[in-house]
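Overview (structure and organization)
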Amino acid sequence: APREQVVAFWRAQRAAMNAVKSEKDPAKAIPLFEEALRLNPQHEDSVFYLASCLAAMGKVDGALARLAELMRANPMSHRARQRWGTLRARTARSPADLDEAVRVLERAEAINPEETGVRQVLGEIALVRGDRKTARRHLERVVRTNVKGVGGLYLLAYLDWKEGDTSHAAEFLKKAREKLGPDWKPSGATSEGDVKRVMHEDTTLLSRFVSSWDGASDADRAFRALDAYLDESRR
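Let us look at the structure shown here.

Each value, and the rule that gives it
Residues numbered from 1 in each chain as written. Predicted model: local features only at pLDDT ≥ 70, side-chain atom pairs only at ≥ 80, totals over all residues. Heavy atoms only, no water. Helix = DSSP H or I, 4+ residues; strand = E, 2+ residues; numbered from the N terminus. Rg over C-alpha atoms; globule rule 2.2 N^0.38 Å. Buried < 20%, exposed > 50% of the residue type's maximum accessible area, 1.4 Å probe, protein only. Lys, Arg positive; Asp, Glu negative; His and termini not counted. Charge placed at Lys NZ, Arg CZ, Asp CG, Glu CD. Salt bridge = Lys/Arg side-chain N within 4 Å of Asp/Glu carboxyl O. Contact = heavy atoms within 4.5 Å. Axes fitted to C-alpha atoms, helices over the stretch in contact; angles between N-to-C directions. Left-handed = near helix turned anticlockwise from the far one by under 90°. Nonpolar A, V, L, I, M, F, W, Y, C, P; charged D, E, K, R; others polar. Expected span 1.5 Å × (residues − 1). Parallel < 35°, antiparallel > 145°, perpendicular 65-115°, else oblique.

1. Section: the overall build of the protein
- Each helix and strand counted, the protein has 13 helices and 0 strands in total.
- Along its sequence from the N terminus, the protein presents helices and strands in the succession α-α-α-α-α-α-α-α-α-α-α-α-α.
- Taking 18 Å as the expected radius of gyration for a compact globule of 235 residues, we find that the protein reaches 19 Å, a close match to that expectation.
- For the protein, the spread of C-alpha atoms along the principal axes amounts to about 70 × 35 × 30 Å.
- Expressed as a percentage of its 235 residues, the buried residues of the protein come to 48%.
- Here the protein carries 40 positive and 35 negative side-chain charges, and the mean point of each set is 3 Å from the other.

2. Things to note about the pattern of salt bridges
- With the rule as written, the count across this model stands at 12 salt bridges.
- Put simply, R119 and E109 hold a salt bridge, and the shortest N to O gap is 2.3 Å. Placement of the pair is R119 in helix α7 (residues 117-128) and E109 in helix α6 (residues 95-111), with a sequence separation of 10 residues.
- Overall, R119 belongs to the buried group, its relative accessible area being 10%.

3. Things to note about the environment of L67
- Of note, L67 is situated in helix α4 (residues 60-73).
- Filtering out sequence-adjacent residues up to four positions away, L67 remains in contact with F48, A51, A80, R83 and W84.

4. Topic: the packing of helix α8 (residues 132-145) against helix α9 (residues 150-162)
- Packing of α8 against α9 leaves a shortest axis separation of 9 Å and a crossing angle of 145 degrees. Handedness of the crossing formed by α8 with α9: left-handed. On the side of α8, the interface is formed by R132, A135, R136, L139, E140 and V143, while α9 contributes G152, L153, L155, L156, L159, D160 and K162.
- Of the residues assigned to the contact of α8 with α9, the class counts are 7 nonpolar, 1 polar and 5 charged.

5. Some points on unusual backbone geometry
- Phi angles above zero are rare outside glycine, and K24 is one such case at about 50 degrees.
- One can find K24 in the loop between α1 (2-21) and α2 (26-39).
- Assessed through its relative accessible area of 34%, K24 is described here as partly exposed.

6. Points about helix α5 (residues 78-90)
- For α5, which comprises 13 residues, the first-to-last C-alpha distance of 18 Å matches the rise-based estimate of 18 Å (1.5 Å per residue) to within 8%.
- In terms of residue burial, α5 counts as a mostly covered element, since 12 of its 13 residues are buried.
- Tucked into the core, α5 has its buried residues touching α3 (44-56), α4, α6 and α7.

7. Things to note about the packing of α4 against α5
- The interhelical angle for the contact between α4 and α5, taken along N-to-C directions, is 155 degrees, at an axis separation of 9 Å. The pairing of α4 with α5 is recorded here as roughly antiparallel in orientation. The interaxial crossing formed by α4 with α5 has left-handed handedness. Touching V60, A63, L64, L67, A68, L70 and M71 of α4 are A80, R81, R83, W84, L87 and R88, all from α5.
- By residue class, the composition of the contact of α4 with α5 is 10 nonpolar, no polar and 3 charged.

Pasting the structure below:
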């Protein structure tokens, strides 16, 4: 009966959200979201969080497919496009994958130009491609409009360091450290398979280098791992 179906949907959906947000257990949440979507295939939150859980478990193709489903159902879904573009970029295996990520992210930006997360990812993609001018343009806008744009400051410092402006790089690193606050501690390198991360937060192409930064303003030390990664990715 319709009422019984509604009750069953919310039972599964709430259990799935509890598994995600309280238990931080995406493996447990996946079948619960799938059960909820069998009862209500149009529920956007369930589709979105199911995709996030699949991504956290390394099931990238399934996550991308679910997000594509959400984009088709709601062409104005900024979060679906941002998540799809970020995940596609983070797991890109070819220049074509990055091209597609940029296309989807640019559409997300057109939907909500005030949101800086998309700009951050576009800047990171440009940096991976070696396009420092485009990377700087995106990242400068991030730090202008986001008072907590630590990732943008860190990568702008890297760009200055690569161009030989070590004093300006150190200033950016100092600003980034100040924005992190007095109680901040480095988290260490972020694993792509870390299922304990908050499920609705995106890790980006280069966010693990920001996360593992120790907060020091020594640019040579701050960017050693990032620089090696970018050199390798362009070979």
